Amino acid sequence: MFMKSNFTGLITAAVLLALGAAATAAFVLRSESSASLTPEQRYQQTLSELKNGNAEGVGEAIRVLGQTNGFEQHATLLEAVLLLRGNRVESALSTLAGLDQEGPLRHEILLAAGEALNRLQRYGEAELALTVVAREQPDNVDGHRWLGATYYD
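Criteria and cut-off values
Residues numbered from 1 in each chain as written. Predicted model: local features only at pLDDT ≥ 70, side-chain atom pairs only at ≥ 80, totals over all residues. Heavy atoms only, no water. Helix = DSSP H or I, 4+ residues; strand = E, 2+ residues; numbered from the N terminus. Buried < 20%, exposed > 50% of the residue type's maximum accessible area, 1.4 Å probe, protein only. Contact = heavy atoms within 4.5 Å. Areas by Shrake-Rupley, 256 points an atom, 1.4 Å probe, with all protein chains shown as cover. Core = buried A, V, L, I, M, F, W, Y, C linked by side-chain atoms within 4.5 Å. Phe/Tyr/Trp six-rings, centres within 6.5 Å; stacked < 30°, edge-to-face > 60°. Lys NZ or Arg CZ within 6 Å of the ring centre and 35° of its normal.

Novice: Looking at this structure, I do not really get the overall build of the chain. What am I missing?
Specialist: Helices and strands together make up the secondary structure of the chain, namely eight helices and zero strands. Counting from the amino terminus, the chain carries its helices and strands in the arrangement α-α-α-α-α-α-α-α. Classification of the 153 residues of the chain by burial places 33% in the buried group. Here the analysis covers contacts within the chain between residues at least 6 apart in sequence; of these, 49% occur between residues at least 24 apart. Carbon and sulfur atoms make up 59% of the accessible area of the chain, which totals about 9400 Å².

Novice: Looking at this structure, I do not really get the nonpolar core. What am I missing?
Specialist: One broad trend across soluble globular proteins is that nonpolar side chains are buried collectively. Within the largest apolar cluster, 35 residues are counted, with the highest numbers of intra-cluster contacts made by Tyr-43, Leu-77, Leu-78 and Leu-96. Elements supplying a minimum of two residues to this core: α2 (39–51), α3 (58–66), α4 (72–85), α5 (89–97), α6 (106–119), α7 (123–136) and α8 (141–152). Filtering out sequence-adjacent residues up to four positions away, Leu-77 remains in contact with Tyr-43, Leu-96, Leu-99, Leu-105, Glu-108 and Ile-109.

Novice: What am I meant to see in the packing of aromatic side chains here?
Specialist: Taken as a whole and judged by the stated rule, the model has zero aromatic pairs. Over the ring of Trp-146 we find Arg-145, and its NZ or CZ is 4.3 Å from the ring centre.

Novice: Mind showing me how you'd approach the side chain of Glu-115 here?
Specialist: Residue position: Glu-115 is located in helix α6. You can call Glu-115 buried: its relative accessible area is 7%. With residues up to four places along the chain from it excluded, the contact list for Glu-115 reads Leu-84, Arg-85 and Trp-146.

In short, geometric facts, not functional conclusions.
Below is the structure:
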């Protein structure tokens with residue numbers, strides 16, 4: 001009996017060690033691959049991860065993009081989406097209000113604002129923002145999803 005429990009403990013320790021090594025390797029590979037990304041690629045990857053519910057590494061991306069010339073607005077948008085995912089909807093909307101809604105991030109800003117406005121039950125304002133996204137980007141599934149949710153609500 002003693003040998004069996006020692007053997008089980010040994011197997012458990014080996015499995016835990018292997019899992020720890022795998023997690024460390026994944027972190028190192030992710031860090032190395034993030035370092036080789038262009039600022040635009042970093043932004044797109046981080047935004048995609050946020051939309052899929054993964055907030056890991058977002059703070060680092062916000063910091064890096066915020067210090068990269070020409071990507072300050074990208075960092076602020078990521079911050080707003082992070083706030084939105086954290087159910088800090090009013091803070092997200094306030095952050096979005098400070099962004100240039102006519103620039104290259106227009107559709108992402110309007111989409112996030114539309115979602116925030118919907119969640120705050122400000123349906124008329126949400127409809128205005130989301131209609132622009134759906135009209136100007138007819139293939140934007142999220143724009144149509146939130147517009148449909150706004151109409152439903």
